[in-house]
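# What the coordinates show
Residue-level listing of the chains:
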Amino acid sequence: MPKLFYAPASPYSCKVRMAAAHAGIALELVKTDTNADPADLLQANPLGKIPTLLADDGSAVHDSRAITQYLNRVSKNALFPRNAEKRTDAEKLEALADGMCDSLLSQVYERRFRPEEKIHQPWLDRQWSKVARALDELEAVPPKLTGKLHAGQIALRSALGYMDLRFAGKWQQRRPKLKRWAKKFDQKFPDLVPLLPA
Ligand SMILES: N[C@@H](CCC(=O)N[C@@H](CS)C(=O)NCC(=O)O)C(=O)O
């Protein structure tokens, strides 16, 4: 069974776990503290980041977008549409959701790892403005939740779950359509809800 180095709060790990569950691929979960630089993680991924997957043949797959592509191949296309245009849309949505997570994480790390007097508020504001623009674009035209679920939608649900965890109440303000979208996702895919960032 493939092994996944992960953390419960990590939005990229959450995306990969949800994608694997949806594709029916069982994973052996290895809870990982990246700050401790564990040797088995560094051996699999010199960047020391999670999620990192160890396939059955021992080969490592990272980062999370390479992992969703890998899971899609293993599951014979359970995670991305076959139609080229729709597939690009799904990949773009995954990239947008992950990009929001990159900006969110840089804010969390700025606060977590810098001495308080060195925290640079304009940097935090700039990173949040990227997230806000992406959220506004999604609010204007929320992705459809009809048809087959794909990794782009899973990535978005995971990113919103991460915001609930670390930026509670912030993303929902003035975004009723996106709020309804998340609720509908949870109603349609209740088995994935327990995997949201925690
Ligand atoms: N682009 C990467 C980002 C992964 C990432 O930044 N993961 C965070 C946890 S959510 C991490 O490993 N941080 C530890 C570090 O950067 O040292 C992906 O999509 O997998």
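Keep in mind it's a predicted model, so treat the numbers as computed, not measured.

### Comments concerning the sheet that holds strand 2 (residues 28-31)
- Spatially, 2-1-3-4 is the arrangement adopted by the 4 strands of the open sheet, whose pairing is mixed. Looking at which strands have only one partner, the edges of the open sheet turn out to be strand 2 and strand 4 (60-61).
- Across 3 bridges, the pairing between strand 1 (residues 3-6) and strand 3 (residues 52-54) is antiparallel. Residue pairing in the sheet places F5 in a bridge with T52 of strand 3.
- Strands in contact with helix 3 (residues 64-74) are strand 1, strand 3 and strand 4; relative to strand 3, the strand with the most contacts, it is inclined by about 40 degrees.

### Comments concerning the site of the ligand
- Around the ligand sit S10, P11, Y12, T34, K49, I50, P51, D63, S64, L105 and Y109, and those are all the residues in its vicinity.
- S64 is positioned with one of its side-chain polar atoms (N or O) 2.6 Å from an oxygen atom of the ligand.
- The side chain of Y109 places a nitrogen or oxygen atom 2.9 Å from a nitrogen atom of the ligand.
- Taken by itself the ligand offers 500 Å² of open surface, and the protein chains cover 80% of this.
- Those elements that place two or more of their residues in the shell around the ligand are helix 1 (11-23) and helix 4 (84-113).
- Its residues placed into classes, the shell around the ligand shows 6 nonpolar, 3 polar and 2 charged.

### Some details on the environment of F80
- The residue F80 is located in the loop between helix 3 and helix 4 in this model.
- Beyond its immediate chain neighbours, meaning those up to four positions away, F80 contacts T68, Q69, N72, R87, A90, E91, E94, H150 and A151.

### Section: helix 6 (residues 151-166)
- Helix length check: helix 6, at 16 residues, gives a terminal C-alpha distance of 22 Å against a target of 22 Å (1.5 Å per residue), a fit within 8%.
- Most of helix 6 sits out of view: 13 of its 16 residues are buried.

### Details of the domain arrangement of the protein chain
- The domain architecture assigned to the protein chain consists of domain 1 (3-74) and domain 2 (84-190).
- For domain 1 and domain 2, the distance between their C-alpha centroids amounts to 20 Å.
- Each side of the interface is counted separately: domain 1 has 14 residues, and domain 2 has 20 residues.
- In total, about 1,400 Å² of surface goes out of reach between domain 1 and domain 2, with carbon and sulfur atoms giving 59% of it.
- In this assembly, domain 1 and domain 2 are joined by 3 salt bridges.
- Between domain 1 and domain 2 we count 8 residue pairs in polar contact (both at pLDDT 80 or more) in total.

### Topic: the environment of K144
- Residue position: K144 is located in the loop between helix 5 (121-140) and helix 6.
- Between the alpha carbons of K144 and I119 there is a distance of 39 Å; along the sequence they are 25 residues apart.
- With residues near it in sequence (within four places) discarded, K144 still touches Q153 and W181.

### Remarks on the pattern of salt bridges
- All chains considered together, the criterion is met by 7 salt bridges.
- R65 serves as the salt-bridge partner of D98, at 3.2 Å between the closest nitrogen and oxygen. Remark: R65 occurs in helix 3 and D98 occurs in helix 4; sequence separation between them is 33 residues.
- One salt bridge connects R114 with E110, and the closest N-O pair in it is separated by 3.1 Å.
- Judged by relative accessible area, which is 8%, E110 ranks as buried.
- Here the salt bridges share partners, and the residues they tie into one network are K15, R65, E94 and D98.

### A few points about unusual backbone geometry
- The residue after I50, namely P51, is reached through a cis peptide bond having omega 5 degrees.
- Tracing the backbone through its elements, the reader meets P51 in the loop between helix 2 (39-44) and strand 3.
- With omega at 5 degrees, the peptide bond leading from H62 into D63 counts as cis.
- Here D63 lies in the loop between strand 4 and helix 3.
- Positive phi, close to 45 degrees, is recorded for D37, a residue that is not glycine.

Parameters at a glance
- The numbers attached to residues start from 1 for each chain and follow its sequence in the written order.
- In keeping with the predicted nature of the model, local features appear solely for residues at pLDDT of at least 70, side-chain atom pairs appear and are counted solely at 80 or more, and the whole-chain, interface and lining totals rest on all residues.
- Side-chain numbers come from the whole structure's heavy atoms, not from hydrogens or water.
- Only when DSSP finds a minimum of two bridges between them are two strands counted as paired.
- Secondary structure elements are taken from DSSP: a helix is a run of H or I of four residues or more, a strand is a run of E of two residues or more, and numbering for both begins at the N terminus.
- Working rule for contacts: check all heavy atoms of both residues, and any pair within 4.5 Å makes them a contact.
- To get an axis, fit a line to the C-alpha atoms, keeping to the stretch in contact for a helix; angles then go from 0 to 180 degrees between the N-to-C directions.
- Here a residue counts as near a molecule or strand whenever at least one of its heavy atoms sits within 4 Å of it.
- The definition of a polar contact used here is a pair of N or O atoms within 3.5 Å, where within protein one atom must be able to donate a hydrogen and the other to accept one, and adjacent residues in sequence count solely through side-chain atom pairs.
- Values of accessible area rely on a 1.4 Å probe in the Shrake-Rupley scheme; residue burial ignores everything except the protein chains shown.
- Classification used: nonpolar for Ala, Val, Leu, Ile, Met, Phe, Trp, Tyr, Cys and Pro, charged for Asp, Glu, Lys and Arg, polar for all others including Gly.
- Multiply 1.5 Å by the residue count of a helix minus one, and that product is the helix's expected span.
- Under the scheme applied here, a residue whose accessible area is under 20% of the maximum for its type counts as buried, over 50% as exposed, and between as partly exposed, the area being computed with a 1.4 Å probe on protein chains only.
- Throughout the structure description, domain borders are defined by an automatic or database domain assignment.
- Buried surface area refers to the total accessible area, computed with a probe of radius 1.4 Å, that the two partners give up upon joining, counted for both partners together.
- For salt bridges, the criterion is a side-chain nitrogen of Lys or Arg within 4 Å of an Asp or Glu carboxyl oxygen.

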